[in-house]
Amino acid sequence: MSPNPAELRARAAVLDDADPLAAHVARFVPGDDLVAYLDGNSLGRPVASVPAALETFVHTEWAGRLIRGWDELWLTRPAELGDRIGAACLGAASGQTIVADSTSVLIFKVLRAAIAARPGRDELVMLSDEFPTDRFIIERIGDDHGLTVRWVDAPLDAGITPELAAEVVGPRTIAALFSGVAYRSAWWADMPAVTATVQAAGALMIWDCSHAVGSVPLEFDAWGVDYAVGCSYKYLNGGPGAPAWAYVAARHHDTLRNPIPGWLGAAAPFSMIEGYSPAPGVASLVSGTPPILGMVALGEMLTLIEVAGIVAIREKSIALTSYAIELVDALIPAATVSTPRDAARRGSHLTIDHPNSAIAVQRLWAQGVIPDFRHPSGVRIGLSPLSTSFAEVERGIRALADALS
Ligand SMILES: *Cc1c(COP(=O)(O)O)cnc(C)c1O
């Protein structure tokens, strides 16, 4: 027998009382009409210190230092923030992670770098249900370079496995690009095993960790990952349009080839010399002027993550998504949970399918209850561990149950 709605509701308070990270929930800017935010995996909420940090940036750094700011503060910031993401979230030693561009642009750059690093091979590998931008870019690169994209089909409520990867990689594979946590199903791949499978074929492993960074602990160095990219506006709360990050393992730095070589990824950016020679290490992945203003909020969230620790964040994430699944089972029996029920294979969101999803989500947004609609019949519930309380999950899913019925 599943617990009844009243029991489940009472449990929210018990879970919040026992939550060691509960104090963090108040460290985000409150929304005017916010009842329950269930979309932290699409756009994280602003940390409460962001307004003051932006004000300080404008006065002290921008107005205060003007053009001197580049030499004194900003040129090194993409690498400094990259190192902080690497240490707090990626299991990456310093010097391998850089903040730049958007995820889409970085996908293009690392795919092109991978092609340059595997001459003589002519296949790229991706899941057929991968996030659209990843698919669009790999298709275009395949067309432009005369390469074949080999599409892998996985069940919609799961994702890539070592077995599926083994079926498609081979001596022609340049690289496989998979999501660490799938954007729809939340499937958390067995990343070390998939990496090993891809590399056993002599191919490069590229992970898109847009939905994984800040929600699950990653160990890129230990797993031997080649390249990775991800967003900073989802669980890293960098704000709308905040720049993305890329990881390039140190062993690839000497041969790293940026397909958009720009002056600020060059060895001596302000020397205006003829001929491009790359900056050492992952910094050569930078092309044009880095979006420094867009990195302010990211820095504030990283401070919270550094204090809380990714292991505790992951524990809370499991508790939140497990509780959410219990609520869905009890309150929305007509919905299908299209997300792994095994917590070990699940990121920090869930997708449920129900025929009334589209209209229900539209109605909920107007009431300050904010999940996400995913075509054709999915409701995606993203539970950002530091900003979400169990009471909020209960409120949100109760409202969702009403709206769906
Ligand atoms: C959110 C997301 C992106 C976003 O790309 P942008 O260029 O930052 O808009 C890319 N890939 C995946 C898997 C995502 O979840």
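Residues numbered from 1 in each chain as written. Predicted model: local features only at pLDDT ≥ 70, side-chain atom pairs only at ≥ 80, totals over all residues. Heavy atoms only, no water.

1. Here we look at the site of the ligand
Taken together, 13 residues lie near the ligand, and Ser104, Asp208, His211, Tyr233 and Lys234 sit nearest. At 3.0 Å, a side-chain N or O of Asp134 approaches a nitrogen atom of the ligand. Side-chain polar atom of Tyr233 to an oxygen atom of the ligand: 3.0 Å apart, as the coordinates give it. In isolation the ligand exposes 390 Å². Once the protein is present, 88% of that is buried. Mapped by element, the contributors of at least two residues to the shell around the ligand are α5 (103–117) and α6 (132–145). Split into classes, the residues belonging to the shell around the ligand amount to three nonpolar, seven polar and three charged. (Near = heavy atom within 4 Å. Polar contact = N/O pair within 3.5 Å; in protein donor to acceptor, adjacent residues only side chain to side chain. Areas by Shrake-Rupley, 256 points an atom, 1.4 Å probe, with all protein chains shown as cover. Helix = DSSP H or I, 4+ residues; strand = E, 2+ residues; numbered from the N terminus. Nonpolar A, V, L, I, M, F, W, Y, C, P; charged D, E, K, R; others polar.)

2. Re the sheet that holds strand β8 (residues 244–248)
The sheet built from seven strands is open, its strands ordered β2-β8-β7-β6-β5-β3-β4 with mixed pairing. At either end of the open sheet lies a strand with only one pairing partner, and these are β2 (97–100) and β4 (148–152). Pairs of neighbouring strands in the sheet enclose a mean axial angle of 20°, with direction left out of account. For strand β3 (residues 123–127) and β4, the ladder comprises five bridges, and the chain directions are parallel. Note that in β4 the partner of Leu124 across the bridge is Val149. (Pairing = 2+ DSSP bridges. Axes fitted to C-alpha atoms, helices over the stretch in contact; angles between N-to-C directions.)

3. Examining the packing of helix α11 (residues 310–331) against helix α13 (residues 390–404)
Viewed as axis vectors pointing N to C, α11 and α13 meet at an angle of 30°, and their least axial separation amounts to 10 Å. Relative to α13, the element α11 is oriented roughly parallel. For the pair α11 and α13, the crossing hand works out as right-handed. In contact with Lys316, Ala319, Leu320, Tyr323, Ala324, Leu327, Val328 and Leu331 of α11, α13 contributes Phe390, Val393, Glu394, Ile397, Arg398 and Ala401. (Parallel < 35°, antiparallel > 145°, perpendicular 65-115°, else oblique. Left-handed = near helix turned anticlockwise from the far one by under 90°. Contact = heavy atoms within 4.5 Å.)

4. Some points on the sheet that holds strand β9 (residues 336–337)
Pairing between the strands of a sheet comes from backbone hydrogen bonds, and it takes one of two forms, parallel or antiparallel. Spatially, four strands are ordered β9-β10-β13-β12 in an open sheet, and the strand pairing comes out antiparallel. Each of the sheet's edge strands pairs with one partner strand only, and the pair in question is β9 and β12 (372–374). Pairing of strand β10 (residues 349–353) with strand β13 (residues 378–382), which is carried by five bridges, proceeds in the antiparallel orientation. Bridge assignment links Leu350 to a residue of β13, and that residue is Ile381. Those strands touched by helix α12 (residues 357–366) are β12 and β13, and its axis lies near 160° from that of β12.

5. Section: the domain arrangement of the protein
Domain boundaries assigned for the protein yield domain 1 (5–48 + 309–404) and domain 2 (78–305). For domain 1 versus domain 2, the separation of C-alpha centres amounts to 28 Å. Contacts between the two partners involve 32 residues from domain 1, matched on the other side by 28 residues from domain 2. Roughly 2,500 Å² of surface becomes buried between domain 1 and domain 2 when both sides are summed, with 60% attributable to carbon and sulfur atoms. In this assembly, domain 1 and domain 2 are joined by zero salt bridges. Taken together, the links from domain 1 to domain 2 amount to 16 residue pairs in polar contact (both at pLDDT 80 or more). Residue assignment for the side of domain 1 that touches domain 2 shows that the elements contributing at least two residues are α11 and β10. Here the element with the most residues in the side of domain 1 that touches domain 2 is α11; it accounts for four residues. Tallied by class, the residues present in the side of domain 1 that touches domain 2 amount to 10 nonpolar, 15 polar and seven charged. (Domains from an automatic or database assignment. Buried area = accessible area lost by both parts, 1.4 Å probe. Salt bridge = Lys/Arg side-chain N within 4 Å of Asp/Glu carboxyl O.)

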